[in-house]
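The residues making up each chain are set out below.
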Amino acid sequence: MILVADRFSGKLTLPEQDVVAVDLEISPDALTLRADSVLIGTWPIKYCRVSKTDASTYRISVDGEVVSFEPDDTRQFAIVAAQRFKASSLADRINVVRTVESNGDESIDEEPAAKPTIPVDLSVLRSPLLGVLAAVVVMVFAGVWVVDTVFGDEPETVEPVSLEGTSASAAVPPVSAFDLDPSLLVVEWNRVAREFGTPLLIRDALPRGSFDTQLAPLISLQGTTDDDGDVRSLVVVADPSGDTDSDQATIASWGIALTVADPSLDETDRREILAEMGLDVRLPQLGGLDGETTRNGIRYTMKYFQSFSSVLLTIAPEV
């Protein structure tokens, strides 16, 4: 497999404040620095981090040493950095690319997908995720209808799902994730996931402070806690570039997150929340997706970051 590397010329400011003209090369696996065509060094990209300092300068951590880089092509560097510096925090990656995605440059903003006149006509859709969402009424996931299972208000009727523990838990009304500490969030998330018949279980012990756990190869759940140790925010991060199974799992993860955040929501409520954020689960389009809504004191936001192929669903109590 040939790994494509992107090369950027610019000025590198060292910790001693010396400024050097360099070529910085970023491949999916490595970061390489050259000065006057002389190799300075190569480091695994998984150990490098990037963040933004101002409109034209980026802070890069290379092997524990922090330098500043001012690329000649700020826009393109931001896009590639957001995609490939995956060791950086999600907040830093979003901040790196946010300006170029909101500066009105149509070449970086995603093109809105044209609405099909027939809901199941997939020929005009631009993304695997869009395709599966538009066709969700005819797709089967784990033996049940995806939309009716994940966004239905009676998940306990799904026969393929083991409801072990349901009778014991029925005596205690479900509690919002924002009234739980991370260990109890794991219990509640997994309970809802099993009732919906999805394999998107949290399999790690979640720490206080901040946490990040993989639910599926292209789906992760991130979050933070407050000073008392209770969950303060949840972020479902999904990459829409996967296959059909992965895209269906993305739909399921949204349904679980909405239910865990507010157990009082029914099928209609969940659909309305997604619609208010700009997403119609039966005829969705990711182009330009950037919506926010509030329900029962909880704020929901959803945004599609085309530059690093991620859809973010963020849920937190309204301040």
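Keep in mind the model is a prediction, meaning the values are calculated, not measured.

Visitor: What should I look at first to understand the sheet that holds strand 14 (residues 298–305) in this one?
Guide: Across a sheet, strands are paired by hydrogen bonds formed along the backbone, either parallel or antiparallel in direction. A sheet is described by the order of its strands in space; here 6 strands give the open sequence 10-11-12-15-14-13, paired in antiparallel fashion. The sheet is open, and its two borders are formed by strand 10 (210–216) and strand 13 (290–295), each paired with just one other strand. Across the sheet, the axes of successive neighbouring strands diverge by a mean angle of 15 degrees, strand direction being ignored. Taken together, the 6 bridges between strand 10 and strand 11 (residues 219–225) define a ladder with antiparallel strand orientation. Across the sheet, S210 pairs through a bridge with T224, a residue of strand 11. Sitting on the sheet, helix 6 (residues 182–196) touches strand 10, strand 11 and strand 12 (231–238), and the angle it makes with strand 12 is about 50 degrees.

Visitor: Explain the nonpolar core here, please?
Guide: Residues W189, Y300, M302 and I315 are the most contacted members of the largest nonpolar core, which totals 43 residues. Every element with two or more residues in this core is listed here: helix 6, strand 10, strand 11, strand 12, helix 7 (244–261), helix 8 (267–276), strand 14 and strand 15 (310–317). With 8 residues, the top contributor of residues to this core is helix 7.

Visitor: Help me out: how do you make sense of the confidence of the model for the protein in this one?
Guide: Interpretation of the predicted coordinates at a detailed level should be avoided for regions scoring low in pLDDT. In the predicted model, the protein carries a mean pLDDT of 75, and 74% of its residues have values of at least 70. Element-level mean pLDDT values for the protein span from 30 in strand 8 (residues 140–141) up to 94 in helix 6. Every residue in residues 104–148 scores below 50 in pLDDT, and together they form 96 contacts with partners more than four places removed in sequence or on other chains. Across residues 153–171, where pLDDT falls below 50, the model places 20 contacts with residues more than four positions away in sequence or in other chains.

Rules used throughout
- Residues numbered from 1 in each chain as written.
- Predicted model: local features only at pLDDT ≥ 70, side-chain atom pairs only at ≥ 80, totals over all residues.
- Heavy atoms only, no water.
- Pairing = 2+ DSSP bridges.
- Helix = DSSP H or I, 4+ residues; strand = E, 2+ residues; numbered from the N terminus.
- Axes fitted to C-alpha atoms, helices over the stretch in contact; angles between N-to-C directions.
- Contact = heavy atoms within 4.5 Å.
- Core = buried A, V, L, I, M, F, W, Y, C linked by side-chain atoms within 4.5 Å.
- Buried < 20%, exposed > 50% of the residue type's maximum accessible area, 1.4 Å probe, protein only.
- pLDDT = per-residue confidence, 0-100.

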